[in-house]
Amino acid sequence: MLDQDQIRSMALEVLLVDHPLVQHKLTLMRDVKQSSTQFRSLLREISWLLCFEITRDLPLEQKAIETPVEATRAPVLSGKKLVFVSILRAGNGMLDGMLDVIPSARVGHVGLYRDHETLEAVEYYYKVPGGLDQRLVIVVDPMLATANSAIAAVQRLKDGGARNIRFVCLISAPEGVRAFNRAHPDVSIVTAAVDNNLNEKGYIVPGLGDAGDRIFGTK
Ligand code: PRP
Ligand code: URA
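Cut-off values and rules
Residues numbered from 1 in each chain as written. Chains lettered and ligands numbered in written order. Predicted model: local features only at pLDDT ≥ 70, side-chain atom pairs only at ≥ 80, totals over all residues. Heavy atoms only, no water. Helix = DSSP H or I, 4+ residues; strand = E, 2+ residues; numbered from the N terminus. Rg over C-alpha atoms; globule rule 2.2 N^0.38 Å. Buried < 20%, exposed > 50% of the residue type's maximum accessible area, 1.4 Å probe, protein only. Contact = heavy atoms within 4.5 Å. Areas by Shrake-Rupley, 256 points an atom, 1.4 Å probe, with all protein chains shown as cover. Lys, Arg positive; Asp, Glu negative; His and termini not counted. Charge placed at Lys NZ, Arg CZ, Asp CG, Glu CD. Patch = residues over 30% accessible without salt bridge, like charges linked within 9 Å, V, L, I, M, F, W, Y side chains within 5 Å. Salt bridge = Lys/Arg side-chain N within 4 Å of Asp/Glu carboxyl O. Core = buried A, V, L, I, M, F, W, Y, C linked by side-chain atoms within 4.5 Å. Near = heavy atom within 4 Å. Polar contact = N/O pair within 3.5 Å; in protein donor to acceptor, adjacent residues only side chain to side chain. Nonpolar A, V, L, I, M, F, W, Y, C, P; charged D, E, K, R; others polar. Phe/Tyr/Trp six-rings, centres within 6.5 Å; stacked < 30°, edge-to-face > 60°. Lys NZ or Arg CZ within 6 Å of the ring centre and 35° of its normal.

Colleague: For this particular structure, what's the right way to read the overall build of the protein chain?
Modeller: Looking only at helices and strands, one finds seven helices and twelve strands in the protein chain. Against the compact-globule benchmark of 17 Å for 219 residues, the protein chain has a radius of gyration of 18 Å, which places it among compact chains. On the principal axes, the C-alpha backbone points of the protein chain span a range of 65 × 40 × 40 Å. Evaluated residue by residue, the protein chain yields a buried proportion of 46% over its 219 residues. Long-range pairs, those at least 24 residues apart, make up 64% of the contacts in the protein chain between residues at least 6 apart in sequence. Here the protein chain has roughly 11,200 Å² of accessible surface; of this, 52% comes from carbon and sulfur atoms. Separation between the mean location of the 25 positive side-chain charges and that of the 26 negative ones in the protein chain comes to 4 Å.

Colleague: I'm lost on a nonpolar patch on the surface in this one. Help?
Modeller: A grouping of Y113, Y124 and Y125 is seen on the molecular surface, where their side chains present a nonpolar patch of about 330 Å² in accessible area. By the secondary structure assignment, Y124 is in strand β6 (residues 121–127).

Colleague: Can you walk me through the nonpolar core in this structure?
Modeller: Counting residues in hydrophobic clusters, the biggest one holds 37 residues, and the most contacted among them are F84, I138, V168 and L170. Every element with two or more residues in this core is listed here: α2 (20–30), α3 (36–54), α4 (91–101), β7 (136–140), β9 (164–172), β10 (188–194) and α7 (211–216). Here the element with the most residues in this core is α3; it accounts for seven residues. Leave out the neighbours within four places in its chain, and I138 touches I54, T55, L82, V83, F84, V85, M98, R166 and V168.

Colleague: Explanation requested: the site of ligand 1 in the structure shown.
Modeller: Taken together, 16 residues lie near ligand 1, and R114, D141, T146, A147 and S149 sit nearest. Taking D141, its side chain carries an N or O atom lying 2.5 Å from an oxygen atom of ligand 1. Between an oxygen atom of ligand 1 and a side-chain N or O atom of T146, the distance comes to 2.5 Å. Protein contacts shield 92% of the accessible area of ligand 1, which totals 500 Å² for the unbound molecule. Among the elements of the structure, β4 (83–88), β5 (106–114), β8 (143–144) and α5 (148–159) are those that each provide at least two residues to the shell around ligand 1. Its residues placed into classes, the shell around ligand 1 shows eight nonpolar, four polar and four charged.

Colleague: Help me understand the site of ligand 2 in this model?
Modeller: Around ligand 2, the surrounding shell consists of R114, M143, A145, G202, Y203, I204, G209, D210 and A211. The backbone of I204 places a nitrogen or oxygen atom 2.8 Å from an oxygen atom of ligand 2. The contact in question runs from an oxygen atom of ligand 2 to an N or O atom on the backbone of A211, over 2.8 Å. Contact with the protein chains hides 88% of the accessible area of ligand 2, taken as 240 Å² for the molecule alone.

Colleague: Explain the packing of aromatic side chains to me, please; I cannot follow it from the model alone.
Modeller: Geometrically, a pair of aromatic rings is defined through the distance of the ring centres and the angle of the planes. For the structure on display, the rule yields two aromatic pairs. Here R114 stacks its cationic end above the ring of Y203, 5.6 Å away from the centre of that ring. Across the ring face of Y126, the terminal group of R156 is positioned such that the distance to the ring centre comes to 3.8 Å.

Colleague: What's the story with the pattern of salt bridges in this structure? I'm lost.
Modeller: Opposite charge on two side chains lets them pair, provided their charged atoms get close. Enumeration according to the criterion identifies ten salt bridges in this entry. When the shortest N-O distance is used, the salt bridge between D5 and R8 registers 3.0 Å. Taken together, the positions of D5 and R8, both in helix α1 (residues 4–9) and three residues apart, correspond to about one turn of that helix. The same class applies to D5 as to R8, namely exposed. Across the salt bridge formed by D195 and R30, the nearest N and O atoms sit 2.8 Å from each other. With D195 in the loop between β10 and β11 (197–198) and R30 in helix α2, the pair connects residues that are 165 residues apart, well separated along the chain. Taken as a pair, D195 and R30 share a single burial class, namely buried.

Here it is, written out as structure tokens:
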């Protein structure tokens, strides 16, 4: 797994969340012996922390309120409600945690699966809220491997009008970060780990295996 210095020296445009709690929980998730129940619960908890990181610079405005002591002005989020877009299926494992932190967010879904031979993303579902052009859109998917799925999802959202997009994942591969940076240089990536490489089947190494299967117990 790459550290901050290695990420910098490889010129990868990605924000690594190296908070000790995130790193500890991620290690528990990687363990092949971890149950689906625990895996889901850890993913949800890490998503809380990633959500705080990816929304760190959201704009605020001052609102007039009254505390029990006096009238004052205090900060609240400004602008239209943001949108979380989950890349199905595994994105839903992160979506729950993101919605715990921002329950008022709107939610979209892009259904994509990887063709196991070509590793190309195949779309089977698309449903997103209106007004994408006026909202921050945060795309969630635990795995950024070749990045074919994330690149396709973000392109679909741009075609639908989205202008302000961010991408958050649990584990990324250097190959995927590089491909995503090239395809969408305007979309920032937040991740809990940049792993070593992809294997010949397009799996992240060391990774955690198939995220969807581990979340939903479908293996
Ligand atoms: C996984 C994962 C990503 C994709 C990443 O989904 O959740 O969407 O692979 O791989 P890529 O970067 O090479 O495109 P998968 O296709 O296995 O579908 P699933 O979530 O339905 O299991
Ligand atoms: N998708 C996954 O779920 N895991 C990988 O390692 C790569 C793509």
